[in-house]
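A closer look at the structure
Listed here are the chains, written in short residue letters.
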Amino acid sequence: MPPSMDAVSKENEVRLRKGTSLNERLVLAGIAVILCLIALPGLAHLANGQWLGIAALFALLFGCLLLGAALFERNVVWIITPGEILIGEQRPFGKLHRRLIRDDEVSGMRLRKSIGKSVEFTLVFETESKDTLTSPPLPDITQVRKTTLQIAWLLQLPAPELAENPLDAANPRIRLGKPISFKRVRAYRALVVLLACSLSLPFIYALWSGKLSALGIAVWSLGAIMAFVLIRYLYRTSAFWIVHDGAIRFERLSLKGTTETDTVSGDDVEAIDVESGGRKDSLYVITIRLRTGKKIRSPPLAGKDQTHAVQAEIIRRLRLNSSGDA
(Lines give C-alpha, C1' and ligand atoms only; values in the text may rest on other atoms or scores of the structure.)
Protein backbone atom coordinates (compact mmCIF):
# COMPACT_ATOMS: atom_id res chain seq x y z
CA MET A 1 0.00 0.00 0.00
CA PRO A 2 1.19 3.58 -0.58
CA PRO A 3 2.60 5.40 2.45
CA SER A 4 -0.47 7.63 2.57
CA MET A 5 -2.66 4.60 3.23
CA ASP A 6 -0.34 3.14 5.84
CA ALA A 7 -0.02 6.22 8.02
CA VAL A 8 -0.86 6.31 11.70
CA SER A 9 -4.58 6.55 12.35
CA LYS A 10 -5.99 9.82 13.66
CA GLU A 11 -8.64 10.33 16.29
CA ASN A 12 -11.36 11.04 13.73
CA GLU A 13 -10.71 7.90 11.68
CA VAL A 14 -10.50 4.15 12.06
CA ARG A 15 -8.24 1.93 9.95
CA LEU A 16 -8.85 -1.75 9.43
CA ARG A 17 -6.29 -3.93 7.66
CA LYS A 18 -6.13 -7.45 6.32
CA GLY A 19 -3.15 -9.06 4.62
CA THR A 20 0.50 -9.88 5.19
CA SER A 21 3.62 -7.76 5.04
CA LEU A 22 6.32 -8.08 2.37
CA ASN A 23 8.70 -9.81 4.79
CA GLU A 24 6.07 -12.38 5.74
CA ARG A 25 5.34 -13.05 2.07
CA LEU A 26 9.04 -13.54 1.35
CA VAL A 27 9.38 -16.03 4.22
CA LEU A 28 6.30 -17.94 3.06
CA ALA A 29 7.53 -17.98 -0.54
CA GLY A 30 10.96 -19.18 0.58
CA ILE A 31 9.44 -22.07 2.54
CA ALA A 32 7.29 -22.97 -0.48
CA VAL A 33 10.26 -22.98 -2.87
CA ILE A 34 12.38 -25.12 -0.51
CA LEU A 35 9.50 -27.57 -0.10
CA CYS A 36 9.07 -27.85 -3.88
CA LEU A 37 12.80 -28.38 -4.46
CA ILE A 38 12.89 -31.15 -1.83
CA ALA A 39 9.81 -32.82 -3.35
CA LEU A 40 10.91 -32.80 -6.99
CA PRO A 41 13.49 -35.66 -6.80
CA GLY A 42 10.92 -37.88 -5.10
CA LEU A 43 8.53 -37.63 -8.08
CA ALA A 44 10.70 -40.18 -9.90
CA HIS A 45 9.25 -42.87 -7.62
CA LEU A 46 5.66 -41.91 -8.49
CA ALA A 47 5.53 -44.08 -11.63
CA ASN A 48 6.29 -47.19 -9.55
CA GLY A 49 3.54 -46.35 -7.08
CA GLN A 50 5.98 -46.13 -4.19
CA TRP A 51 4.88 -44.22 -1.07
CA LEU A 52 7.87 -41.88 -1.42
CA GLY A 53 6.59 -40.65 -4.79
CA ILE A 54 3.06 -40.13 -3.44
CA ALA A 55 4.42 -38.18 -0.46
CA ALA A 56 6.56 -36.08 -2.82
CA LEU A 57 3.50 -35.27 -4.94
CA PHE A 58 1.52 -34.07 -1.92
CA ALA A 59 4.52 -32.04 -0.72
CA LEU A 60 4.82 -30.42 -4.16
CA LEU A 61 1.11 -29.53 -4.25
CA PHE A 62 1.30 -28.08 -0.75
CA GLY A 63 4.36 -26.03 -1.71
CA CYS A 64 2.55 -24.67 -4.77
CA LEU A 65 -0.40 -23.66 -2.60
CA LEU A 66 1.91 -21.81 -0.20
CA LEU A 67 3.61 -20.08 -3.12
CA GLY A 68 0.26 -19.06 -4.58
CA ALA A 69 -0.86 -17.64 -1.24
CA ALA A 70 2.35 -15.63 -0.96
CA LEU A 71 2.05 -14.24 -4.49
CA PHE A 72 -1.66 -13.60 -4.90
CA GLU A 73 -3.15 -12.87 -1.48
CA ARG A 74 -4.70 -9.41 -1.36
CA ASN A 75 -3.87 -6.64 1.06
CA VAL A 76 -6.99 -4.73 2.07
CA VAL A 77 -7.23 -1.44 3.97
CA TRP A 78 -10.40 0.33 5.09
CA ILE A 79 -10.13 3.97 6.16
CA ILE A 80 -13.30 5.09 7.90
CA THR A 81 -13.62 8.86 8.34
CA PRO A 82 -16.63 11.10 9.08
CA GLY A 83 -19.20 10.37 6.38
CA GLU A 84 -17.28 7.90 4.22
CA ILE A 85 -15.36 4.65 3.85
CA LEU A 86 -12.31 4.46 1.59
CA ILE A 87 -11.47 0.89 0.59
CA GLY A 88 -8.10 0.03 -0.94
CA GLU A 89 -7.22 -3.41 -2.34
CA GLN A 90 -3.93 -4.47 -3.87
CA ARG A 91 -2.17 -7.67 -4.83
CA PRO A 92 1.64 -7.94 -4.93
CA PHE A 93 2.96 -6.28 -8.09
CA GLY A 94 -0.62 -5.29 -8.93
CA LYS A 95 -2.46 -2.01 -9.26
CA LEU A 96 -4.13 -0.38 -6.26
CA HIS A 97 -7.94 -0.40 -6.53
CA ARG A 98 -9.87 2.20 -4.58
CA ARG A 99 -13.54 2.47 -3.78
CA LEU A 100 -15.31 5.25 -1.89
CA ILE A 101 -18.53 4.53 0.01
CA ARG A 102 -20.45 7.55 1.38
CA ASP A 103 -22.55 7.23 4.50
CA ASP A 104 -25.75 8.00 2.56
CA GLU A 105 -25.06 4.86 0.49
CA VAL A 106 -25.00 2.64 3.59
CA SER A 107 -28.37 1.30 4.73
CA GLY A 108 -27.21 -0.75 7.71
CA MET A 109 -24.30 -2.05 9.75
CA ARG A 110 -23.99 -5.13 11.95
CA LEU A 111 -21.25 -6.75 13.97
CA ARG A 112 -20.30 -10.33 13.10
CA LYS A 113 -18.41 -12.71 15.36
CA SER A 114 -16.36 -15.49 13.78
CA ILE A 115 -14.99 -18.38 15.81
CA GLY A 116 -12.13 -20.40 14.37
CA LYS A 117 -8.59 -20.72 15.61
CA SER A 118 -9.27 -17.36 17.21
CA VAL A 119 -12.27 -15.12 17.79
CA GLU A 120 -12.56 -12.32 15.25
CA PHE A 121 -15.04 -9.51 14.88
CA THR A 122 -15.86 -7.89 11.55
CA LEU A 123 -18.40 -5.31 10.43
CA VAL A 124 -20.90 -6.10 7.70
CA PHE A 125 -22.34 -3.14 5.76
CA GLU A 126 -25.37 -3.23 3.51
CA THR A 127 -25.64 -0.54 0.83
CA GLU A 128 -28.68 0.98 -0.84
CA SER A 129 -27.74 -0.96 -3.99
CA LYS A 130 -28.12 -4.25 -2.00
CA ASP A 131 -24.36 -4.90 -1.92
CA THR A 132 -22.85 -6.49 1.18
CA LEU A 133 -19.40 -5.37 2.28
CA THR A 134 -17.41 -7.17 4.99
CA SER A 135 -14.63 -5.25 6.69
CA PRO A 136 -11.23 -6.61 7.75
CA PRO A 137 -11.16 -7.83 11.37
CA LEU A 138 -11.35 -5.18 14.09
CA PRO A 139 -7.75 -4.66 15.22
CA ASP A 140 -7.95 -4.78 19.02
CA ILE A 141 -9.90 -7.68 20.53
CA THR A 142 -10.19 -5.80 23.84
CA GLN A 143 -11.71 -2.67 22.24
CA VAL A 144 -14.42 -4.16 20.00
CA ARG A 145 -17.24 -2.25 21.70
CA LYS A 146 -15.39 1.07 21.59
CA THR A 147 -14.31 0.66 17.95
CA THR A 148 -17.79 -0.39 16.81
CA LEU A 149 -19.46 2.59 18.48
CA GLN A 150 -16.81 4.94 17.06
CA ILE A 151 -17.41 3.67 13.51
CA ALA A 152 -21.19 4.00 13.95
CA TRP A 153 -20.69 7.60 15.11
CA LEU A 154 -18.36 8.43 12.18
CA LEU A 155 -20.87 7.11 9.65
CA GLN A 156 -23.94 8.48 11.51
CA LEU A 157 -25.47 5.00 11.75
CA PRO A 158 -27.40 3.40 14.61
CA ALA A 159 -25.14 1.41 16.91
CA PRO A 160 -25.41 -2.30 16.01
CA GLU A 161 -26.20 -5.05 18.46
CA LEU A 162 -22.96 -6.01 20.19
CA ALA A 163 -21.85 -9.64 20.16
CA GLU A 164 -20.62 -11.29 23.35
CA ASN A 165 -16.88 -10.77 23.74
CA PRO A 166 -15.23 -12.18 26.90
CA LEU A 167 -12.03 -10.21 26.20
CA ASP A 168 -13.59 -6.76 25.86
CA ALA A 169 -12.11 -4.15 28.21
CA ALA A 170 -15.62 -2.80 28.85
CA ASN A 171 -16.49 -5.99 30.76
CA PRO A 172 -16.10 -5.96 34.57
CA ARG A 173 -14.33 -9.30 34.12
CA ILE A 174 -12.42 -10.56 31.10
CA ARG A 175 -12.25 -14.32 30.64
CA LEU A 176 -9.57 -16.40 28.95
CA GLY A 177 -10.26 -20.03 28.11
CA LYS A 178 -13.27 -22.16 29.03
CA PRO A 179 -14.63 -22.75 32.55
CA ILE A 180 -13.69 -26.05 34.17
CA SER A 181 -16.89 -28.09 34.05
CA PHE A 182 -17.75 -31.46 35.58
CA LYS A 183 -17.88 -32.98 32.10
CA ARG A 184 -14.29 -31.88 31.37
CA VAL A 185 -13.10 -33.33 34.69
CA ARG A 186 -14.89 -36.63 33.97
CA ALA A 187 -13.51 -36.78 30.41
CA TYR A 188 -9.98 -36.05 31.69
CA ARG A 189 -10.20 -38.85 34.28
CA ALA A 190 -11.59 -41.28 31.68
CA LEU A 191 -8.70 -40.46 29.33
CA VAL A 192 -6.12 -41.05 32.07
CA VAL A 193 -7.67 -44.44 32.92
CA LEU A 194 -7.84 -45.41 29.23
CA LEU A 195 -4.19 -44.50 28.65
CA ALA A 196 -3.09 -46.34 31.78
CA CYS A 197 -4.95 -49.51 30.74
CA SER A 198 -3.80 -49.39 27.11
CA LEU A 199 -0.18 -49.09 28.23
CA SER A 200 -0.28 -51.53 31.14
CA LEU A 201 -2.18 -54.50 29.70
CA PRO A 202 0.28 -55.37 26.85
CA PHE A 203 3.21 -54.97 29.25
CA ILE A 204 1.58 -57.20 31.90
CA TYR A 205 0.70 -59.81 29.26
CA ALA A 206 4.28 -59.86 27.98
CA LEU A 207 5.61 -60.38 31.49
CA TRP A 208 3.09 -63.16 32.17
CA SER A 209 3.81 -65.00 28.90
CA GLY A 210 7.55 -64.53 29.09
CA LYS A 211 7.68 -62.77 25.71
CA LEU A 212 9.05 -59.47 26.97
CA SER A 213 11.67 -58.16 24.54
CA ALA A 214 13.84 -55.08 24.13
CA LEU A 215 11.63 -53.92 21.25
CA GLY A 216 8.51 -54.32 23.40
CA ILE A 217 10.09 -52.30 26.22
CA ALA A 218 11.09 -49.57 23.74
CA VAL A 219 7.58 -49.39 22.27
CA TRP A 220 6.02 -49.32 25.74
CA SER A 221 8.42 -46.57 26.85
CA LEU A 222 7.58 -44.49 23.78
CA GLY A 223 3.86 -44.91 24.45
CA ALA A 224 4.34 -43.90 28.10
CA ILE A 225 6.23 -40.78 27.04
CA MET A 226 3.52 -39.84 24.53
CA ALA A 227 0.80 -40.40 27.16
CA PHE A 228 2.66 -38.19 29.64
CA VAL A 229 3.09 -35.45 27.04
CA LEU A 230 -0.63 -35.63 26.18
CA ILE A 231 -1.64 -35.37 29.84
CA ARG A 232 0.72 -32.43 30.36
CA TYR A 233 -0.69 -30.75 27.25
CA LEU A 234 -4.26 -31.17 28.50
CA TYR A 235 -3.17 -29.84 31.89
CA ARG A 236 -1.56 -26.74 30.39
CA THR A 237 -4.43 -26.01 27.98
CA SER A 238 -7.18 -26.46 30.59
CA ALA A 239 -6.49 -23.10 32.22
CA PHE A 240 -9.32 -20.63 32.77
CA TRP A 241 -8.53 -17.05 33.76
CA ILE A 242 -10.93 -14.48 35.20
CA VAL A 243 -9.30 -11.03 35.28
CA HIS A 244 -10.91 -8.63 37.76
CA ASP A 245 -9.88 -5.10 38.61
CA GLY A 246 -6.75 -5.68 40.72
CA ALA A 247 -6.67 -9.49 40.74
CA ILE A 248 -6.77 -12.63 38.59
CA ARG A 249 -8.50 -15.87 39.50
CA PHE A 250 -7.02 -19.03 37.96
CA GLU A 251 -8.78 -22.35 37.47
CA ARG A 252 -7.31 -25.47 35.89
CA LEU A 253 -7.40 -29.24 35.94
CA SER A 254 -4.80 -30.82 38.19
CA LEU A 255 -2.83 -33.87 37.13
CA LYS A 256 -5.07 -35.84 39.54
CA GLY A 257 -8.21 -34.77 37.67
CA THR A 258 -9.45 -32.25 40.25
CA THR A 259 -9.97 -28.50 39.86
CA GLU A 260 -7.24 -26.20 41.16
CA THR A 261 -8.01 -22.56 41.95
CA ASP A 262 -5.77 -19.66 42.89
CA THR A 263 -5.95 -15.86 43.00
CA VAL A 264 -3.12 -13.36 42.65
CA SER A 265 -3.04 -9.57 42.88
CA GLY A 266 -0.76 -7.05 41.25
CA ASP A 267 1.54 -7.08 44.29
CA ASP A 268 2.26 -10.78 43.67
CA VAL A 269 3.36 -10.26 40.06
CA GLU A 270 6.95 -9.74 38.97
CA ALA A 271 6.34 -9.50 35.20
CA ILE A 272 3.83 -10.32 32.47
CA ASP A 273 5.25 -11.54 29.17
CA VAL A 274 4.07 -13.01 25.88
CA GLU A 275 5.52 -16.30 24.68
CA SER A 276 5.61 -16.34 20.91
CA GLY A 277 4.73 -19.27 18.69
CA GLY A 278 7.26 -18.06 16.10
CA ARG A 279 4.81 -17.06 13.34
CA LYS A 280 2.27 -14.29 13.09
CA ASP A 281 -0.73 -16.63 13.09
CA SER A 282 0.65 -19.09 15.62
CA LEU A 283 -0.79 -19.64 19.08
CA TYR A 284 0.58 -17.43 21.84
CA VAL A 285 0.29 -17.51 25.61
CA ILE A 286 0.57 -14.82 28.27
CA THR A 287 3.01 -15.77 31.01
CA ILE A 288 2.75 -14.29 34.50
CA ARG A 289 5.93 -14.58 36.56
CA LEU A 290 5.24 -14.27 40.28
CA ARG A 291 7.65 -12.90 42.86
CA THR A 292 7.97 -16.43 44.24
CA GLY A 293 9.47 -17.52 40.90
CA LYS A 294 6.40 -19.50 39.83
CA LYS A 295 5.14 -19.11 36.25
CA ILE A 296 1.48 -19.23 35.25
CA ARG A 297 0.57 -19.61 31.58
CA SER A 298 -2.69 -18.49 30.06
CA PRO A 299 -4.93 -20.45 27.67
CA PRO A 300 -3.64 -20.17 24.08
CA LEU A 301 -4.49 -17.03 22.12
CA ALA A 302 -4.25 -16.74 18.34
CA GLY A 303 -2.41 -13.81 16.81
CA LYS A 304 0.38 -11.63 18.12
CA ASP A 305 -1.65 -8.41 18.07
CA GLN A 306 -4.57 -9.93 19.97
CA THR A 307 -2.29 -11.44 22.60
CA HIS A 308 -0.43 -8.17 23.20
CA ALA A 309 -3.76 -6.32 23.47
CA VAL A 310 -4.95 -8.75 26.16
CA GLN A 311 -1.57 -8.47 27.90
CA ALA A 312 -1.89 -4.67 27.99
CA GLU A 313 -5.40 -4.90 29.47
CA ILE A 314 -4.22 -7.32 32.18
CA ILE A 315 -1.33 -5.00 33.02
CA ARG A 316 -3.77 -2.07 33.28
CA ARG A 317 -6.15 -3.99 35.55
CA LEU A 318 -3.37 -5.16 37.85
CA ARG A 319 -2.01 -1.58 37.94
CA LEU A 320 1.45 -2.53 36.72
CA ASN A 321 3.70 -0.43 34.52
CA SER A 322 3.95 -1.06 30.77
CA SER A 323 7.01 -3.29 31.07
CA GLY A 324 5.10 -5.73 33.23
CA ASP A 325 7.10 -5.05 36.41
CA ALA A 326 5.19 -4.31 39.55
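Residue numbers run consecutively from 1 along every chain, following the written order of its sequence. Owing to the predicted nature of the model, reporting of local features is limited to residues with pLDDT of at least 70; listing and counting of side-chain atom pairs is limited to 80 or more, with chain, interface and lining totals taken over all residues. Working from all heavy atoms in the structure, the side-chain values ignore hydrogens and water.

Regarding the overall build of the protein
- A tally of helices and strands in the protein yields six helices and 15 strands.
- Residue exposure (1.4 Å probe, protein chains only): buried if accessible area is under 20% of the type maximum, exposed if over 50%, otherwise partly exposed. Looking at the 326 residues of the protein, the share that counts as buried comes to 36%.
- Counted over contacts in the protein with a minimum sequence separation of 6, partners at least 24 positions apart contribute 52%. Only runs of H or I of at least four residues qualify as helices and only runs of E of at least two qualify as strands under DSSP, and these elements are numbered from the N terminus. We call two residues contacting when some pair of their heavy atoms lies within 4.5 Å.

Here's the deal with helix 3 (residues 144–154)
- All of the buried residues in helix 3 are V144, T147, T148, I151, A152 and L154. The arc that holds every buried residue of helix 3, seen down its axis, measures 165°, which confines them to one face. Across from the buried face of helix 3, at angles greater than 90 degrees, the exposed residues are K146 and W153.
- Note on helix 3: the residue one or two positions beyond its end, Q156, has a positive phi of about 55°. The arc in question is traced by the directions running from the helix axis to the C-beta atoms.

A few points about the sheet that holds strand 4 (residues 97–102)
- Strand pairing is assigned whenever DSSP detects at least two bridges linking the two strands. The strand order across the open sheet built from four strands is 1-2-3-4, with neighbouring strands paired in antiparallel fashion. Since the sheet does not close on itself, it has two edges, and those belong to strand 1 (14–18) and strand 4, each with one partner. For this sheet, the mean angle separating the axes of adjacent strands, direction not counted, is 15°.
- One ladder, built from seven bridges, connects strand 2 (residues 75–81) with strand 3 (residues 84–90); its direction is antiparallel. What sits directly across from I79, in strand 3, is L86.
- Between the N-to-C directions of two axes lies an angle of 0 to 180 degrees, each axis being a line fitted to C-alpha atoms and, for a helix, fitted only over the stretch in contact. Most of the contacts of helix 3 go to strand 1, to which it runs at about 115°, and overall it touches strand 1 and strand 2.

Overview of the sheet that holds strand 5 (residues 106–115)
- Read from one edge to the other, the open sheet built from three strands follows the order 5-6-7, with strand pairing classed as antiparallel. Either end of the sheet is taken by a strand with one partner, and the two such strands are strand 5 and strand 7 (132–134). Averaged over neighbouring strand pairs, the angle between their axes works out to 25° when direction is ignored.
- In terms of strand pairing, strand 5 meets strand 6 (residues 119–127) through nine bridges, oriented antiparallel. Bridge pairing in strand 6 places M109 opposite F125.
- In the packing of helix 3 onto the sheet, contacts are made with strand 5 and strand 6, and the angle to strand 5 comes to roughly 165°.

What to know about the environment of L100
- By the secondary structure assignment, L100 is in strand 4.
- Separated by 14 residues in sequence, L100 and L86 have C-alpha atoms that sit 4.7 Å apart.
- The residues contacting L100, other than those within four sequence positions of it, are E84, I85, L86 and E105.

Overview of the packing of aromatic side chains
- Any two of the Phe, Tyr and Trp rings considered here, Trp counted by its six-membered ring, make a pair once their centres fall within 6.5 Å; the pair's planes then place it as stacked at under 30 degrees, edge-to-face at over 60, or tilted in between. Counting across every chain of the model gives two aromatic pairs.
- Their ring planes at 85° and their centres at 5.0 Å tell us that W241 and F250 sit as a pair that is edge-to-face. An identical accessibility class is assigned to W241 and F250; each is buried.

Comments concerning the confidence of the model for the protein
- Per residue, pLDDT captures the predictor's confidence, and it can take any value from 0 to 100. Summary statistics for the protein give a mean pLDDT of 77 and a share of 67% for residues scoring 70 or more.
- Mean pLDDT values over the elements of the protein span from 64, in helix 5 (residues 214–237), up to 92, in helix 3.
- Contacts from residues 1–9, a stretch scored under 50 in pLDDT, to residues over four places away or in other chains number 23 contacts.

Let's talk about the pattern of salt bridges
- Counted as salt bridges are all cases of a side-chain nitrogen of Lys or Arg within 4 Å of a carboxyl oxygen of Asp or Glu. If you walk through the whole model with that rule in mind, you get 13 salt bridges.
- Residue R102 is joined to D104 by a salt bridge in which the shortest nitrogen-to-oxygen separation is 3.4 Å.
- What makes R102 partly exposed here is its relative accessible area of 44%.
- Under the relative-accessibility criterion, D104 is labelled exposed at 51%.
- In this structure, E313 engages R316 in a salt bridge whose closest nitrogen and oxygen atoms are separated by 2.6 Å. A residue pair is termed a helical-turn pair when its members lie 3 or 4 positions apart in one helix, as E313 and R316 do in helix 6 (residues 304–317) at three residues.
- Salt bridges here are not isolated pairs; linked through shared partners, they connect R102, D104 and E105.

Describing the pairing of strand 13 (residues 283–290)
- Judged by how many residues are buried, strand 13 sits mostly within the fold: six of eight residues are covered.
- Here six bridges tie strand 12 (residues 269–275) to strand 13, and the two strands are oriented antiparallel to one another. Its bridge partner lying in strand 13, V269 is registered against L290.
- Strand direction decides the pairing type here: strand 13 and strand 15 (residues 301–302), joined by two bridges, are antiparallel. Counted as the bridge partner of L283 is A302 from strand 15.

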